[in-house]
Amino acid sequence: MTAETYDHTTDASLSGARDWFAANGLSRPAEGRVLGGVSAAFARRYKVNRLVARLGVLTVSLVFTPAVYVGLWVLMPADV
């Protein structure tokens, strides 16, 4: 299979997901990482300052983590 004919959207494997991220310009750089390099990848992809990207990732993590927990708390049935 060539890269032109390979459909990344239907591949549900880990390698398919990594191929999709790479095809969309999101790969963790070897230099400039803090922890895993995820925010550095977003900074490079969207051409923003790394500090701004790190603050954005931190803010999103702090806001959405409690929201996901509350959503699961509401949706998950309690033991009787």
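First things first, this report covers the structure right here in the doc. (Residues numbered from 1 in each chain as written. Predicted model: local features only at pLDDT ≥ 70, side-chain atom pairs only at ≥ 80, totals over all residues. Heavy atoms only, no water.)

Our next topic: the packing of aromatic side chains. Under the criterion given, the structure shown has 1 aromatic pair. Look at F42 and Y46: their rings are 6.4 Å apart centre to centre, the planes differ by 10 degrees, and that puts the pair in the stacked class. Pair noted here: F42 and Y46 are both in helix 2 (residues 38-46), with a separation of 4 residues, about one helical turn. (Phe/Tyr/Trp six-rings, centres within 6.5 Å; stacked < 30°, edge-to-face > 60°. Helix = DSSP H or I, 4+ residues; strand = E, 2+ residues; numbered from the N terminus.)

Our next topic: unusual backbone geometry. A positive phi angle, near 55 degrees, is found at K47, a position not held by glycine. Structurally, the position occupied by K47 is in the loop between helix 2 and helix 3 (50-75). On the basis of relative accessible area, K47 is assigned to the exposed category, the value being 74%. (Buried < 20%, exposed > 50% of the residue type's maximum accessible area, 1.4 Å probe, protein only.)

Let's shift gears to the packing of helix 2 against helix 3. Contact geometry of helix 2 with helix 3 gives a least axis separation of 8 Å together with a crossing angle of 125 degrees. Looking at the two axes, helix 2 sits oblique to helix 3. In the packing of helix 2 onto helix 3, the handedness of the crossing is right-handed. Across the interface between the two elements, S39, A40, F42 and A43 from helix 2 touch R50, A53, R54 and V57 from helix 3. (Axes fitted to C-alpha atoms, helices over the stretch in contact; angles between N-to-C directions. Parallel < 35°, antiparallel > 145°, perpendicular 65-115°, else oblique. Left-handed = near helix turned anticlockwise from the far one by under 90°. Contact = heavy atoms within 4.5 Å.)

Here R28 shows up in the loop between helix 1 (14-23) and helix 2. Relative accessible area serves as the criterion here: at 48%, R28 is assigned to the partly exposed category. When the C-alpha atoms of R28 and A41 are compared, they prove to be 5.0 Å apart, with 13 residues separating the residues in sequence.

A surface patch of nonpolar side chains, about 500 Å² in accessible area, is lined by V38, F42, Y46, V48, V52 and V57. Where the nonpolar patch is concerned, the elements lending two or more residues are helix 2 and helix 3. F42 sits in the partly exposed class, given a relative accessible area of 33%. (Patch = residues over 30% accessible without salt bridge, like charges linked within 9 Å, V, L, I, M, F, W, Y side chains within 5 Å. Areas by Shrake-Rupley, 256 points an atom, 1.4 Å probe, with all protein chains shown as cover. Salt bridge = Lys/Arg side-chain N within 4 Å of Asp/Glu carboxyl O.)

Moving on: the side chain of S39. Position of S39 among the secondary structure elements: in helix 2. Classification of S39 as buried rests on a relative accessible area of 11%. Not counting the four nearest positions on each side in its chain, S39 is found in contact with A53, R54 and V57.

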